[in-house]
Amino acid sequence: MKVVKKKSKWKHAVYLILALAMLVYAIPLIKFQPGGDFVSWFGIVWAAFALLIIGAHLHFLLGVNEEKQRALDAARRAKLSEWQGKWGTTERQNHSM
């Protein structure tokens, strides 16, 4: 069975706070005008990427991956015990012949 090293979450919390700080600083400086120029579009795309980064760190901090990993580990253990049961029965039959 594969042992997964538990990752610390402090690094993701720091990056989340930094991304939020950058976004809070930049939002008032971005001009959201219809028919904006290159600078406006760049600001909008930059804010979208910042929101994507914030969402990714929140996803990790809330532990969504941990729940999925636990479910996968449980399914993997069940499959392993099923295979061991099948192979154990086959080996016993081969040794008795």
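Described in the following lines is the structure provided in the data block.

What counts, and at which threshold
Residues numbered from 1 in each chain as written. Predicted model: local features only at pLDDT ≥ 70, side-chain atom pairs only at ≥ 80, totals over all residues. Heavy atoms only, no water. Helix = DSSP H or I, 4+ residues; strand = E, 2+ residues; numbered from the N terminus. Buried < 20%, exposed > 50% of the residue type's maximum accessible area, 1.4 Å probe, protein only. Contact = heavy atoms within 4.5 Å. Areas by Shrake-Rupley, 256 points an atom, 1.4 Å probe, with all protein chains shown as cover. Core = buried A, V, L, I, M, F, W, Y, C linked by side-chain atoms within 4.5 Å. Axes fitted to C-alpha atoms, helices over the stretch in contact; angles between N-to-C directions. Parallel < 35°, antiparallel > 145°, perpendicular 65-115°, else oblique. Left-handed = near helix turned anticlockwise from the far one by under 90°. Nonpolar A, V, L, I, M, F, W, Y, C, P; charged D, E, K, R; others polar. Expected span 1.5 Å × (residues − 1).

Glancing now at the overall build of the chain. Looking only at helices and strands, one finds 3 helices and 0 strands in the chain. In the chain, buried positions account for 15% of the 97 residues. When contacts within the chain are restricted to residue pairs at least 6 apart in sequence, those whose partners lie at least 24 apart make up 69%. For the chain, the accessible surface area stands at approximately 8500 Å², while carbon and sulfur atoms represent 69% of it.

Another aspect to go through is the nonpolar core. Within the largest apolar cluster, 7 residues are counted, these being L16, A19, L23, I30, A47, A50 and I54. If you list the elements that add at least two residues to this core, you get α1 (10–26) and α2 (38–61). In this structure, I54 is in contact with L16, A19, L20 and L23, ignoring residues within four places of it in sequence.

The subject of this paragraph is the environment of A19. By the secondary structure assignment, A19 is in helix α1. When its relative accessible area of 6% is taken as the criterion, A19 is described as buried. Along the chain, A19 and A50 lie 31 residues apart, while their C-alpha atoms are 6.3 Å from each other. With residues up to four places along the chain from it excluded, the contact list for A19 reads I53 and I54.

This part is about the packing of α1 against α2. Two numbers describe how α1 lies on α2: the axes approach to 9 Å, and their chain directions differ by 155 degrees. Overall, the two elements α1 and α2 adopt an arrangement that is roughly antiparallel. α2 is crossed by α1, and the crossing has left-handed handedness. Contact with α1, carried on its side by H12, A13, Y15, L16, A19, L20, M22, L23 and A26, involves W46, A47, A50, L51, I53, I54, H57, L58, F60 and L61 of α2 and no other residues of that element. In terms of residue class, the contact of α1 with α2 is built from 17 nonpolar, 2 polar and no charged.

Another point: the side chain of S40. In this fold, S40 is placed in helix α2. Judged by its relative accessible area of 7%, S40 falls in the buried class. Setting aside its immediate chain neighbours within four residues, S40 contacts I30 and K31.

Glancing now at α2. Its 24 residues place the ends of α2 35 Å apart at the C-alpha level, agreeing with the 34 Å of an ideal helix rising 1.5 Å per residue. Within α2, burial applies to S40, G43, A47, A50, I54, H57 and F60. G63 sits one or two positions beyond α2 and adopts a positive phi of about 80 degrees.

Let's shift gears to the environment of G55. Note that G55 resides in helix α2. Under the relative-accessibility criterion, G55 is labelled partly exposed at 35%. Taking the C-alpha atoms as reference points, G55 and L16, 39 residues apart in sequence, are found 8.7 Å from one another.

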